[in-house]
Amino acid sequence: MTDTTDDIAEEISFQAYDDDCHLLGNLLNDCLMREVGPDFTEKVDRVRLLAQSECNMRLAGVTDAADYLSKQLEKEVSTMELEDAVPLARTFSHYLNLMGIAETHHRVRRTKLPGHMSKSCDDVFQKLISSGVSADELYRAVCDQEVGIVLTAHPTQINRRTIQYKFLRIAHLLERNDRTDLTHEDKDLLIEDLVREITSLWQTDELRRRKPTPVDEARGGLHIVEQSLWKAVPHYLRRVSNALKKHTGRSLPLTSTPIKFGSWMGGDRDGNPNVTAKVTRDVSYLARWIAADLYLREVDGLRFELSMSTCSDKLAQFAYNILAHEQQVHDDHHVSWFNQRQKKHSDHVDIPGHPLPYHIPFGADVPGFTGNANDGEADLEMPLLELPVTDVEYRTADIMGYGLIAKATPSLPKAEGLGLQPLKISSPHSSTPTTPKGLTKSGSFKKKTSSESNLNKSSVDRLLHPSLSGRPDIAPYRIVLGHVREKLVNTRRRMEMLLEGLTCDFEQDEYYESTEDLLEPLLLCHESMETTGSEVLADGRIADLIRRISTFGMTLMKLDVRQESDKHTETLDAITEYLGMGTYSEWDEERKIRFLTTELRGKRPLVPPSIEVTPEVQEVLNTFRVAAELGSQSLEAYIISMASEASDVLAVELLQKEARLVVAGEIGRPCPGTTLRVVPLFETVKDLRDAGRVIRKLLGIDWYREHLIANHNGHQEVMLGYSDSGKDAGRFTAAWELYKAQEDVVKACQEFGIKVTLFHGRGGSVGRGGGPMYLAIQSQPPGSVMGSLRVTEQGEMVQAKFGLAQTSVRQLEIYTTAVLLATLHPPDPPRSPNWRNVMEHISEVSCQNYRNIVFHNEQFLQYFHEATPEAELGNLNIGSRPTRRKKTGGVQQLRAIPWIFAWTQTRLTLPAWLGVGAGLDAVIAKGDRDELQAMYREWPFFQSTIDLIEMVLAKADIPIAKHYDEVLVSPERQQLGAELREAFHTTEKCVLEVSGHHKLSENNKTLRRLIESRLAYLNPINMLQVEVLRRLRQDENNPKLRDALLITINGIAAGMRNTG
């Protein structure tokens, strides 16, 4: 049972944590003294003292004194001038964020301490071997593991990226502060840096003034790779490999990737009209640009490092063939292997609206790097090593300055089997220089005099194909890596041209399209180093680069495309009506399947080029066209939201087939890659209950089953939605229906001999399926995690889990070990059939109670609007997606994120527990308390469900929620609030009775202590938010009040450590 983010339920050093909190708090106080003066700082201290005293009294059980202090705090806040309210909200918000930074830092700090780390690869591998798992079985399970972490653009990340960067800088300074070798001067300098960072943080506007576009969101998602995952992934894979070596005697294969990353940012158009086909195309190109740029940096570093000349015969031949093609020019040209002036990364200008990202200039740590402030280029000028020759000097120099002058030797090598074509190079002074095919624009040429160019062919041959004794004079790795670099430069330039809508004239072998093409020369270098005594170097930077390429590919994170099933139905309606076949949506399921399978087996296109459709339908067709153009090399899967029948999947398969036929005809060759996996997403309780039936129907169709075997290795992916099922029926019922749906889907696939991967659409909060990942995976039904899993990570959880390299390594390791345990040692099923009956009873009562309040109580919707800041959340500008699917309608049309977000702000956290108390109470009243306690002790699924609900109850605050009602809710609806608070107490009583705990969070003292430490800062922000909401609803157009409200929303989100 942990807070938001951490799957590490381990103690932290509270003494060190408190020390850092005091340090940061004191620096913020000093900043306030400078920025807003001592009078305001005194008000802050007074409010904080009142809040801390109230918390202490309440924790001690002195309720009367706590209530009195709460009234005093309310009075202090309600009488505050607006000019003080905004900085007060900002102050406490910053306090909470700084405490969060310190908390994360100390969780990371614990992982560095010597000792045995639970849930680590070493720990879990040891336990599995001890339990009887063979070394071979363990090795295969790790190597075959397929985990997909999919980052989404769900709008739950409150903080601007600028603010996030500042938090990261403060975190890095705290890490440096832990060093024991710092001098007094170093410490003083470090404190000065912290002062500057906190001052900059205070002077920065924390509010977004415009909504992010889908491309903005995608850029943020891609940046997480550069920010932390780039460093974390090789570290994580080394940790896995070392543990495997220790326990099985074999290392992890270099290209093995137990975890890969995906993204919905720029691909998720479900309910978001801002995500268009063009956006998906541009985001895909942008991802390829960033990938090529990151690989370029690594290759530049490798070229400087790999200066040795000893290599395998295979690599030597590869290098000489590259060199041979570079030298096939006219005799009157002096050829240099590579340009001595290269465009460096510092020429990326951060221009507003420019499609390319800004990067910090790279290469300052490389000897010979000098930045040119005028043109952004970097001059790498290093002396050539000149050797005496007898016939003629031939000089070659790579970008790092390695030179060669050797005697001419006979015979020109042939570039056989390397995919290299004859070189065609024009003079650099030509207005239309030609590009070498295969080796591209790498040479800079200087016109020679007639005497210099009077070389016979045998001399050139001898130079390009020296004897074995001459091999030490050449740096073959630099030649090969230079070739890789040029193709990466072209890859990046090609993406720039495509983003700008220009025609790209590069030949296919002049840039990298696939991961395999990029890996080939690097694996050749690695193999050469291992076979020539350079194993130590082989296990260094080049191994890390190969691991990165294997994990991130050419796109860093492949995009999923997601769309509602109704959009596909509307598209097929337009097609069938145009063809005079009737209206597709009016057909029954069997007729739809007959039509779809017939067309899927056919060879001709179904959609005529002359068809005229609505803009909405055209956008759907455009999306499938882009998917065909990009193919499976850039895109991963097509997700169908609100899928309910087999025809929903077949409809996407047909539209996908149509688009690929058209695109292939236009480009004159097959579309890149294969068709995308089509993944039905079951979201509502009804759809979850029907999921097994739908999958059986789908796999029973011969065409579809044959298609899976032929194109997707007999593999079906099914996605399960946690958010809408929770909003539809309450958290407990949703959890039970999800559990049963997984069992049924797995069984259905087993019946047809099809492998299944379950894709879990979890949110950050417990109300949307969130919670510790290790706990979640370990509580899945037996057989549902068989070495493969996909899961979404959303909003604030992305930064929380993957914002720092150290936390990223730990999270990736937890994914690997949890999936491994669930595969080799599946969790126990319900021990007794009666446990299922008990669950059904709890679920039925819980669901009925939840729906009676949320959907059938006429007062509830208006109460929700009055008691929470739901209506004001749209002003936060935290996402490109609208907060409602449709402009009208009640809770049904409200998206799950604002539904959870609003209740989190009031500290009632209602969606995560409403109905649970009624269900448990009904079963306890029947005399099944002992059965419930046995279920809690012995059934991981039930235990994790109860623990997560207990965690949410611990984070709630009933006096604060009551204060919202008393100030904001109409008198005629305040009774409903009282009933909800009574339901909370019932839930608390029943949960403690089942778990056997005496008070909430008894089994997680770390969590309880952390929650308590935030209250002195969190409670005043809630009080302030209530007052600001009261004033704003009387003066709706007051911009200062609106800003103050948004700042309080930020602060409460920081204190609760999650949003939606």
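Structure shown above.
Before going into details, it helps to say that this report is about the structure given with it.

Conventions used here
Residues numbered from 1 in each chain as written. Predicted model: local features only at pLDDT ≥ 70, side-chain atom pairs only at ≥ 80, totals over all residues. Heavy atoms only, no water. Helix = DSSP H or I, 4+ residues; strand = E, 2+ residues; numbered from the N terminus. Buried < 20%, exposed > 50% of the residue type's maximum accessible area, 1.4 Å probe, protein only. Contact = heavy atoms within 4.5 Å. Pairing = 2+ DSSP bridges. Axes fitted to C-alpha atoms, helices over the stretch in contact; angles between N-to-C directions. Expected span 1.5 Å × (residues − 1). Phe/Tyr/Trp six-rings, centres within 6.5 Å; stacked < 30°, edge-to-face > 60°. Lys NZ or Arg CZ within 6 Å of the ring centre and 35° of its normal. Polar contact = N/O pair within 3.5 Å; in protein donor to acceptor, adjacent residues only side chain to side chain. Salt bridge = Lys/Arg side-chain N within 4 Å of Asp/Glu carboxyl O. Parallel < 35°, antiparallel > 145°, perpendicular 65-115°, else oblique. Left-handed = near helix turned anticlockwise from the far one by under 90°. Nonpolar A, V, L, I, M, F, W, Y, C, P; charged D, E, K, R; others polar.

### Describing the overall build of the protein chain
So, point 1. Looking only at helices and strands, the protein chain features 37 helices and 15 strands.
So, point 2. Counting all 1060 residues of the protein chain, 60% fall into the buried class.
So, point 3. Put simply, 82% of the contacts in the protein chain that link residues at least 6 apart link residues at least 24 apart.

### Some remarks on the sheet that holds strand 1 (residues 146–152)
So, point 1. A barrel is described by the order of its strands in space; here eight strands give the closed sequence 1-2-10-11-12-13-14-15, paired in parallel fashion. Neighbour-to-neighbour, the strand axes of the sheet open up by a mean angle of 25 degrees, direction not taken into account.
So, point 2. Examined bridge by bridge, strand 13 (residues 715–721) and strand 14 (residues 755–761) share seven bridges and lie parallel to one another. Across the sheet, Val 718 pairs through a bridge with Leu 758, a residue of strand 14.

### Topic: helix 7 (residues 161–177)
So, point 1. Given a rise of 1.5 Å per residue, 17 residues ought to cover 24 Å, and the 24 Å separating the end C-alpha atoms of helix 7 matches this to within 8%.
So, point 2. As for helix 7, its buried residues are in contact with helix 1 (14–35), helix 4 (82–111), helix 8 (184–202), helix 9 (214–248) and helix 26 (796–802).

### Notes on the packing of aromatic side chains
So, point 1. Using the criterion set out here, one finds 29 aromatic pairs in the structure.
So, point 2. Measuring from centroid to centroid gives 6.4 Å for Phe 261 and Phe 802, while their planes differ by 90 degrees, and the two rings are edge-to-face. You can see Phe 261 sitting in strand 2 (residues 259–263) and its partner Phe 802 sitting in helix 26, a full 541 residues away along the chain.
So, point 3. Residue Phe 802 is classed as buried on the basis of its relative accessible area, which comes to 0%.
So, point 4. The structure contains a cluster of three or more aromatic residues connected by ring pairs, namely Trp 230, Phe 261, Tyr 295, Phe 552 and Phe 802.
So, point 5. Positioned above the aromatic ring of Tyr 139, the side-chain terminus of Arg 250 is 3.9 Å from the ring centre.
So, point 6. A cation over a ring is seen here: Lys 592 above Tyr 584, with NZ or CZ 5.2 Å from the ring centre.

### Let's talk about the environment of Ala 954
So, point 1. Its location among the elements puts Ala 954 in helix 33 (residues 940–955).
So, point 2. In this structure the C-alpha to C-alpha distance between Ala 954 and Arg 1008, which are 54 residues apart in sequence, comes to 7.6 Å.
So, point 3. With near-sequence residues (within four places) excluded, Ala 954 lies in contact with Leu 1000, Ser 1001 and Ile 1011.

### So, the environment of Glu 1027
So, point 1. With respect to the secondary-structure elements, Glu 1027 resides in helix 36 (residues 1005–1032).
So, point 2. A C-alpha to C-alpha distance of 10.0 Å links Glu 1027 and Leu 1041, two positions 14 residues apart in sequence.
So, point 3. Glu 1027 has contacts with Val 77 and Ser 78, leaving out every residue within four places of it along the chain.
So, point 4. Here Arg 1031 takes part through its side chain, which lies 2.9 Å from a polar atom of the side chain of Glu 1027.

### Let's talk about the pairing of strand 14
So, point 1. Taken across its seven residues, strand 14 has six buried, putting it largely inside the fold.
So, point 2. Both strand 14 and strand 15 (residues 788–794) contribute to a ladder of two bridges, which runs parallel. For Phe 759, the partnering residue across the bridge sits in strand 15 and is Arg 790.

### Digging into the pairing of strand 1
So, point 1. With respect to burial, strand 1 is a largely interior element, six of its seven residues being buried.
So, point 2. In terms of strand pairing, strand 1 meets strand 15 through seven bridges, oriented parallel. In the strand pairing of strand 15, Ile 149 is matched with Val 791.
So, point 3. One ladder, built from five bridges, connects strand 1 with strand 2; its direction is parallel. Paired with Leu 151 across the two strands is Ser 263, which belongs to strand 2.

### Considerations on the side chain of Ser 534
So, point 1. You can see Ser 534 is positioned in the loop between helix 14 (515–531) and helix 15 (535–538).
So, point 2. By relative accessible area, Ser 534 is classed as buried at 15%.

### Brief notes about the pattern of salt bridges
So, point 1. One pass over the full model with this rule turns up 64 salt bridges.
So, point 2. For the salt bridge of Asp 136 with Arg 250, the shortest nitrogen-to-oxygen distance reads 2.8 Å. Separated by 114 residues along the polypeptide, Asp 136 in helix 6 (residues 135–143) and Arg 250 in the loop between helix 9 and strand 2 bring together distant segments of the chain.
So, point 3. Assessed through its relative accessible area of 43%, Asp 136 is described here as partly exposed.
So, point 4. Between Glu 666 and Arg 625 there is a salt bridge; the shortest N-O distance is 2.3 Å. Residue Glu 666 is located in helix 20 (residues 646–667), and its partner Arg 625 is located in helix 19 (residues 615–630); the two are separated by 41 residues in the primary sequence.

### Some points on helix 34 (residues 958–968)
So, point 1. Along helix 34, the positions that sit buried rather than exposed are Ile 958, Ile 960, Ala 961, His 963, Tyr 964, Asp 965 and Leu 968.
So, point 2. If you check the start of helix 34, you find a side-chain oxygen 3.1 Å away from the backbone N of Ile 960, and it comes from Asp 957.

### As for the packing of helix 10 (residues 277–305) against helix 19
Helix packing geometry: the angle between the two helix axes and the distance between the axes.
So, point 1. Their axes nearest at 8 Å, the elements helix 10 and helix 19 cross at an angle of 20 degrees. Relative to helix 19, helix 10 is oriented roughly parallel. Here the hand of the crossing between helix 10 and helix 19 comes out right-handed. Each of Ala 277, Thr 280, Arg 281, Ser 284 and Tyr 285 in helix 10 lies in contact with helix 19, whose residues at this interface are Glu 619, Asn 622, Thr 623, Val 626, Glu 629 and Leu 630.
So, point 2. Grouping the amino acids of the contact of helix 10 with helix 19 by side-chain chemistry returns four nonpolar, four polar and three charged.

### Details of unusual backbone geometry
So, point 1. Of note in the backbone geometry, Met 642 takes a positive phi value of approximately 55 degrees without being a glycine.
So, point 2. By the element assignment, Met 642 lies in the loop between strand 11 (635–641) and helix 20.
So, point 3. Here Met 642 falls in the partly exposed class, since its relative accessible area comes to 23%.
So, point 4. In this model, Arg 907 sits at a positive phi of 70 degrees, which is unusual for a non-glycine residue.

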